[in-house]
Amino acid sequence: MGDRDDRNAVGRRVQRLRAERGMTQRQLAEPAYTPAYISTLEAGRVRPSDEALRHLAERLGVGYEELATGRPAHLATDLRLRLTGAQRTLATEGAEQAAGQYTELLAEAETYDLAEERAAALLGLGECAVETGELASGRQYFERAEQCLADAGAPLPARVPALRGRALSHYLAGELRYAVYLLESTLDELNRGGLHDPDALLLLYASAIGPYMDMGAHARAAQAAELALSLAPSAGDPALVARMHRSVARTLLAEGRLADADASLAKAAELYRTLQLRTELANCHWMRGYVCAQNGELPRAEEEMREALGMLSATRAALYSSQVAVELADVLHRRGKSEEAAELLHGVLHDLSSERGAVHAAGAHRLLGIIAEDARDTETAEEHYVRALSLLERAGAAGDLADLCRLLGDLLRRTGRVEAALDAYRTGLGHRTAPGTTTLGPAPAQPPL
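Residues numbered from 1 in each chain as written. Predicted model: local features only at pLDDT ≥ 70, side-chain atom pairs only at ≥ 80, totals over all residues. Heavy atoms only, no water.

Caption draft 1: Spotlight on the overall build of the chain. Summing up its helical and strand segments, the chain has 23 helices and 0 strands in all. By the burial criterion, 52% of the 449 residues in the chain qualify as buried. Taking as baseline every contact in the chain between residues at least 6 positions apart, the subset at least 24 positions apart corresponds to 62%. Distance from the positive charge centre (50 side chains) to the negative charge centre (64 side chains) of the chain: 3 Å. (Helix = DSSP H or I, 4+ residues; strand = E, 2+ residues; numbered from the N terminus. Buried < 20%, exposed > 50% of the residue type's maximum accessible area, 1.4 Å probe, protein only. Contact = heavy atoms within 4.5 Å. Lys, Arg positive; Asp, Glu negative; His and termini not counted. Charge placed at Lys NZ, Arg CZ, Asp CG, Glu CD.)

Caption draft 2: Representation of empty space enclosed by the protein. Scanning the model with the defined rule gives 1 cavity of 30 Å³ or more in all. In this structure, the largest cavity is lined by L187, Y205, A208, Y212, R220, Q223, A224, L227, P444 and Q446. Among the secondary structure elements, those contributing two or more residues to the lining of the largest cavity are α12 (198-214) and α13 (218-231). (1 Å grid on protein atoms, 1.4 Å probe; cavity = no way out; pocket = protein on both sides within 12 Å on 5 of 7 lines; lining within 4 Å. Points joined across faces, edges and corners; volume = space filled by probe spheres on them.)

Caption draft 3: Spatial organisation of the packing of aromatic side chains. On inspection of all chains with the given rule, the structure shows 2 aromatic pairs. Geometrically, the ring pair formed by Y33 and Y37 is stacked, given 5.1 Å between the ring centres and 20 degrees between the ring planes. Classification of Y33 as partly exposed rests on a relative accessible area of 22%. Its end group placed over the ring of Y64, R54 keeps NZ or CZ at 4.0 Å from the ring centre. (Phe/Tyr/Trp six-rings, centres within 6.5 Å; stacked < 30°, edge-to-face > 60°. Lys NZ or Arg CZ within 6 Å of the ring centre and 35° of its normal.)

Caption draft 4: How the structure looks around the side chain of H55. One can find H55 in helix α4 (residues 50-60). The class for H55 is buried, based on a relative accessible area of 14%. What H55 contacts, discounting residues up to four positions off in sequence, is L28, A29, E30, P31, A32 and Y33.

Caption draft 5: Up close: the nonpolar core. Ranked by internal contacts, the top residues of the largest apolar core, which has 114 residues, are L202, Y205, M244, Y320, L345 and Y385. If you tally residues by element for this core, the top one is α12, at 11 residues. Dropping the residues within four chain positions of it, L202 is found in contact with A228, L231, A232, A235, L240, V241 and M244. Formed by 18 residues, the second largest nonpolar core is a distinct cluster that contains A95, A109, L122 and A145. (Core = buried A, V, L, I, M, F, W, Y, C linked by side-chain atoms within 4.5 Å.)

Caption draft 6: Structural context of the state of the cysteines. Going through the model one piece at a time under the given rule, you end up with 0 disulfides. Unpaired in terms of disulfides, C128 finds its nearest cysteine sulfur in C148, a separation of 17 Å. (Disulfide = S-S within 2.5 Å.)

Caption draft 7: How the structure looks around helix α19 (residues 338-348). Listed in full, the buried residues belonging to α19 are A341, A342, L345 and V348. Projected down its long axis, α19 shows its buried positions confined to an angular sector of 135 degrees, all on one face. Among the exposed residues of α19, those oriented more than 90 degrees off its buried face are E339 and E343. Considering only its buried residues, α19 is in contact with α18 (318-334) and α20 (358-374). (Arc of directions from axis to C-beta.)

Caption draft 8: The arrangement of the confidence of the model for the chain in detail. Looking at the chain as a whole, its pLDDT mean stands at 86, while 94% of the residues score no less than 70. Of all the helices and strands in the chain, helix α5 (residues 64-69) carries the lowest mean pLDDT, 78, while helix α9 (residues 135-151) carries the highest, 95. Throughout residues 433-439 the model reports pLDDT below 50, and contacts reaching past four residues in sequence, or to other chains, amount to 7 contacts. (pLDDT = per-residue confidence, 0-100.)

Caption draft 9: Examining the domain arrangement of the chain more closely. By domain assignment, the chain separates into domain 1 (1-72) and domain 2 (308-433). Summarising the inter-unit geometry, the C-alpha centres of domain 1 and domain 2 are found 69 Å apart. (Domains from an automatic or database assignment.)

Caption draft 10: Expanded view of the packing of α12 against helix α14 (residues 238-254). Where α12 meets α14, the axes come as close as 9 Å, and the angle between the chain directions of the two elements is 30 degrees. The orientation of α12 relative to α14 falls into the category roughly parallel. In this structure, α12 meets α14 at a crossing whose hand is left-handed. Contacts from D199, L202, L203, A206, I209, G210, M213 and D214 in α12 reach L240, V241, R243, M244, S247, V248, R250, T251 and A254 in α14. When grouped by side-chain class, the residues that make up the contact of α12 with α14 number 10 nonpolar, 3 polar and 4 charged. (Axes fitted to C-alpha atoms, helices over the stretch in contact; angles between N-to-C directions. Parallel < 35°, antiparallel > 145°, perpendicular 65-115°, else oblique. Left-handed = near helix turned anticlockwise from the far one by under 90°. Nonpolar A, V, L, I, M, F, W, Y, C, P; charged D, E, K, R; others polar.)

Caption draft 11: The arrangement of the UniProt feature "domain: HTH cro/C1-type" (unreviewed entry) in the chain in detail. Per the UniProt record, "domain: HTH cro/C1-type" (unreviewed entry) is found at residues 14-67. Here residues 14-67 runs as 65% helix and 0% strand, with 7 Å between its end C-alpha atoms. (UniProt positions renumbered as here; feature names shortened; annotations may be inferred.)

Caption draft 12: Local environment of the packing of α14 against helix α15 (residues 258-275). Two numbers describe how α14 lies on α15: the axes approach to 8 Å, and their chain directions differ by 160 degrees. Taken together, the axes of α14 and α15 are roughly antiparallel relative to one another. Relative to α15, the crossing made by α14 is left-handed. Of the residues in α15, those touching α14 at P238, A239, V241, A242, R243, H245, R246, V248, A249, L252 and L253 are L258, D260, A261, S264, L265, K267, A268, L271, Y272 and L275. Considering only residue class, the contact of α14 with α15 consists of 15 nonpolar, 2 polar and 4 charged.

Next up, the structure:
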């Protein structure tokens, strides 16, 4: 369908439209053509010229494009407008409503063989699935979007949002190394191939910061942040620039630059408010709460995180809600509200697993272990620490493994198991030997800034 060169399809279309209008072949043909020509065309035995198609379209009262391809006039423009509406629904109302819109748009794009619009609908469905925590489904949508664009001959920069979506779904599933591999190999291909598209590069560098930090590769995260900041003035998408500022805040935090981190988050939040991107704004509140917690401003940290949790729950962003709940529980514990913290953690653990939010699942078990230790329940504490250790090792999150090994080692030492404690300490030291170099290959080529 939609093939200009399929003379059979064009012939059938002409015949259907003529019959619908009650016209004879002679009436359609005159004054430029003969009834015999129309008969031959409708039988699919001749391929009409552009001039003939324009004549027939005028006589039938339809657009040239609709007659030539079977697509209603302005269909692609209409679909793009409705895709923008679905994107707004995802940002302001939630993933479930947006997914319904994207599904309808995907069906229309497939019916009329519109590759770019089909890929955009698949990309939107992937974003919806990630937001609701259906990571496997999200990954499949992103893969289909990428394949659709590749089949249509789209250049690599156009495929970057789908590639980044795949990397994000692997990252949230706890597959940090593979997420980094996808992002770095794409960056390398773009930069070595001279495809210096600012939006594509900015999206990839900003997306790499999270997995770099969780893997303990702080130097590489800082480099990605520096490159992202350099690219921001050339980027054309304000939502992309806002996401970059939110990601860069993590590296500023790691360097102890709390004021700079908060300033970056304020810029991101302002852009998100202007664009009315509710889920992204919630993530800014979440991150600002984390900054406040690092700075010892616990009441404000609790306020920011509760705001984030409320906004995410309203949009039914299940996975993100569970993740922010873990960090809110940490603030509550530090404020002496351990019972409330434990209740919150137990409430979200069923939403987190080794395949879904592994790093935050480990964080929940770590905090429950600390709370159990405070209550002198060493057996339960050890069980939670061991679960957390297993989750972090599987994810390759070296950034948190060393601290967890210290907690487990201290617990084992206090309960008289010195050899086991030494093993835990040695494991922790192994994860601190060379942050950023033990699991990553050479850094990708850089753009000529």
